[in-house]
Amino acid sequence: MKFYLAPLEGITGHVYRSAYHKYFGEMDKYFIPFISPNQFGRLSSREKENILPEHNEGVYAVPQIMTSSAEDFIRTAWKLQKYGYGEVNLNLGCPSKTVVSKGRGSGFLAFPDKLNCFLEEIFEQTNMKISIKTRIGKESPEEFERLLEIYNKYPLEELIIHPRLQTDFYKNTPNWEVFGAALKHSKCSVCYNGDIFTVQDYEKFTAAFPTVDRVMLGRGILSNPGLVPAILSKTPLEKPALEAFHNQIYEKYQEILYGEKNVLFKMKELWFYMAPVFTNYEKYGKKIKKAEKLAAYEKVVKALFDEQEIFSVPAVLSDRLPGDVIF
């Protein structure tokens, strides 16, 4: 099985990827959170930091592009190629309302004819590997039959399917019936993404789809960074590794971000996902959320590591996770 790290906007940037690779590095591909081309054709400072080769040493990193403009995609792909990348990913999965309202991400799925013309143009003018991360439609699962017909016309590197609709956001259950049909009829390799939070979730999925040889993990990794080692070798997540992982991220953010509030924002975002891996985490989570100074943050995090243990099976509930995470 190949394992991919999903690109979660604002979270799985190079700081997170570097720490993850050092302490839990079992990923075959690391997808870089999306680049959204602007009218000036320039990368933002955040986007540039994420794609710099020195920030992705030793890993197979794949930049993701989110746009409905073929011209912008092509221009960005050429730029990424100059940085040494040989593969890019097209984001057709983001369900955020602000993205969808612009016809991007999963909003692009509502315009299959336009999407077909877009793909025809980018494949004609781009000499890189191109993969797609997609949802199964905007409002109805019946939309995916037409979408798959379009995808099958082009030499995709792979098709990563999150079998939810845009209107589902991250609620409801992934549609395995549609995923199974896609697996049967897709002309390229298919990767699964969606609601694998535990070893048991993974085993249930592989029992249902034994021929699938690649999965993308997002919120499951944020909740339990040791998920892939647990799947591969039944090795449980241990506090020393998790603490070292946390400390590297925390120290790096203090180096590169200006002001305590910015550092705390990043760390609070991470703990929203990671706190449930601990026993009796609720009161610590509340204190982390309320922390306004790094000293207070450090105190409560130390107490959490000192006083609580890690669940053998993390208590991760999908309805606790934010509905607007972009990936």
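This one's a predicted model, so the numbers in the text were calculated from it and none came from an experiment.

**Q** Got a minute to help me understand unusual backbone geometry in this structure?
**A** Leaving glycine out, the prevailing phi sign among residues is negative, and the prevailing peptide bond configuration is trans. Phi is positive for Phe169, close to 55 degrees, though the residue is something other than glycine. Mapped onto the fold, Phe169 is located in the loop between β6 (159-165) and α7 (176-185).

**Q** What exactly am I supposed to notice about the UniProt feature "active site" (unreviewed entry) in the protein chain here?
**A** UniProt tags Cys94 as "active site" (unreviewed entry). One can find Cys94 in the loop between β4 (87-92) and α4 (97-100). A relative accessible area of 0% places Cys94 in the buried class.

**Q** I keep staring at the sheet that holds β4 and nothing clicks. Help me out?
**A** Backbone-to-backbone hydrogen bonds pair the strands of a sheet. The strands run either parallel or antiparallel. In space, the eight strands of this closed barrel follow the order β1-β2-β3-β4-β5-β6-β7-β8, with parallel pairing throughout. Adjacent strand axes in the sheet meet at a mean angle of 30 degrees when their direction is disregarded. As paired elements, strand β1 (residues 2-5) and strand β8 (residues 214-217) share four bridges and run parallel to each other. Bridge pairing in β8 links Leu5 to Leu217. Sheet contacts for helix α6 (residues 143-151): β4, β5 (129-137) and β6; angle to β5, the most-contacted strand, approximately 170 degrees. Each of β5, β6 and β7 (190-193) touches α7; the most contacted strand, β7, lies at about 165 degrees to it.

**Q** I would appreciate a short explanation of the packing of aromatic side chains in the present structure.
**A** In total, this model carries 24 aromatic pairs according to the counting rule given. Ring centres 6.5 Å apart and planes at 10 degrees place the aromatic pair Tyr16 and Tyr20 in the stacked group. Here Tyr20 and Tyr16 lie together in helix α1 (residues 14-24), a separation of four residues that amounts to about one turn. With a centroid separation of 5.9 Å and an interplanar angle of 75 degrees, the aromatic rings of Phe73 and Phe118 are classed as edge-to-face. Remark: Phe118 occurs in helix α5 (residues 112-125) and Phe73 occurs in helix α3 (residues 70-82); sequence separation between them is 45 residues. Overall, the relative accessible area of 3% leaves Phe118 in the buried class. Put simply, the rings of Tyr16, Tyr20, Phe24, Tyr30 and Phe245 pair up and form one aromatic cluster. The aromatic ring of Tyr170 is capped on one face by Arg135, whose charged end is 4.8 Å from the ring centroid.

**Q** Is there a simple way to think about the packing of helix α12 (residues 260-274) against helix α14 (residues 294-307) in this case?
**A** The description of two helices packed together rests on the angle between their axes and the distance between the axes. Direction vectors running N to C along α12 and α14 enclose 25 degrees, while the axes themselves pass 10 Å from each other. The angle between α12 and α14 falls in the class roughly parallel. Where α12 crosses over α14, the handedness of that crossing is left-handed. Two secondary-structure elements touch here, α12 through Glu260, Val263, Leu264, Met267 and Trp271 and α14 through Leu294, Tyr297, Val301, Leu304 and Phe305. For the contact of α12 with α14, the per-class residue count stands at nine nonpolar, no polar and one charged.

**Q** Sorry, what's going on with the side chain of Gln64 here?
**A** Locating Gln64 in the fold gives a position in strand β3 (residues 61-65). Aside from chain neighbours lying at most four places away, what touches Gln64 is Pro7, Ile32, Pro33, Phe34, Ile35, Asn89, Asn91 and Lys133.

**Q** In this structure, what is going on with the domain arrangement of the protein chain? I would like to understand it.
**A** Many structure descriptions define interface size as the accessible area lost when the parts assemble. Domains assigned within the protein chain are domain 1 (2-233) and domain 2 (239-307). With centres defined by C-alpha atoms, the gap from domain 1 to domain 2 works out at 28 Å. Opposite the 15 residues of domain 1 that make contact, domain 2 presents 15 residues. With both sides pooled, the region where domain 1 packs onto domain 2 buries about 1400 Å², and carbon together with sulfur makes up 72% of that total. It is Ile11, Val15 and Tyr23 that lose the most area in domain 1 upon contact with domain 2, and together they represent 34% of the buried surface on that side. Taken together, domain 1 and domain 2 are joined by zero salt bridges. The tally of links between domain 1 and domain 2 comes to one residue pair in polar contact (both at pLDDT 80 or more). Elements represented by at least two residues in the side of domain 1 that touches domain 2 include exactly α1 and α9 (219-223).

Cut-offs applied
- All residue numbers refer to positions counted from 1 along the written sequence of the respective chain.
- Thresholds applied to this predicted model are a pLDDT of at least 70 for local features of residues and 80 or more for the giving and counting of side-chain atom pairs; totals over whole chains, interfaces and linings are not thresholded and use all residues.
- Based on all heavy atoms of the structure, the side-chain values leave hydrogens and waters out of the count.
- Strands here are runs of E lasting at least two residues and helices are runs of H or I lasting at least four, both read from the DSSP assignment and numbered beginning at the N terminus.
- UniProt positions are given in the numbering used here, feature names are shortened, and annotations may be inferred rather than shown by experiment.
- Relative accessibility decides the category of a residue: with a 1.4 Å probe and only protein chains considered, values under 20% of the type maximum give buried, values over 50% give exposed, and everything between is partly exposed.
- Should DSSP find at least two bridges between two strands, the strands are regarded as paired.
- Fitted lines through C-alpha atoms give the axes, limited to the stretch in contact for helices. The angle between two N-to-C directions lies from 0 to 180 degrees.
- Here, two residues are considered to be in contact whenever any of their heavy atoms come within 4.5 Å of each other.
- Pairs were defined over the aromatic rings of Phe, Tyr and Trp, the Trp ring being its six-membered one, requiring ring centres within 6.5 Å. Orientation was assigned from the angle between planes: stacked under 30 degrees, edge-to-face over 60, tilted for the rest.
- In this scheme, the term charge over a ring applies when either NZ of a lysine or CZ of an arginine sits within 6 Å of the ring centre and within 35 degrees of the ring normal.
- If an angle is under 35 degrees, it is roughly parallel; if it is over 145, roughly antiparallel; if it lies from 65 to 115, roughly perpendicular; otherwise it is oblique.
- Each helix crossing is assigned a hand: it is left-handed if the near helix lies turned anticlockwise from the far helix by less than a right angle, otherwise right-handed if that turn is clockwise.
- The nonpolar class holds Ala, Val, Leu, Ile, Met, Phe, Trp, Tyr, Cys and Pro. Asp, Glu, Lys and Arg form the charged class, and all remaining residues, Gly among them, are polar.
- These domain limits were set by an automatic method or by a database of domain assignments.
- A quick way to say it: buried area is the sum, across both parts, of accessible area lost when two parts are put together, with a 1.4 Å probe.
- Whenever a carboxyl oxygen of Asp or Glu lies within 4 Å of a side-chain nitrogen of Lys or Arg, that contact is scored as a salt bridge.
- As used in this structure description, the phrase polar contact means that two N or O atoms lie within 3.5 Å; if the pair is within protein, one of them must be able to donate a hydrogen and the other to accept it, and residues adjacent in sequence are counted only when both atoms belong to side chains.

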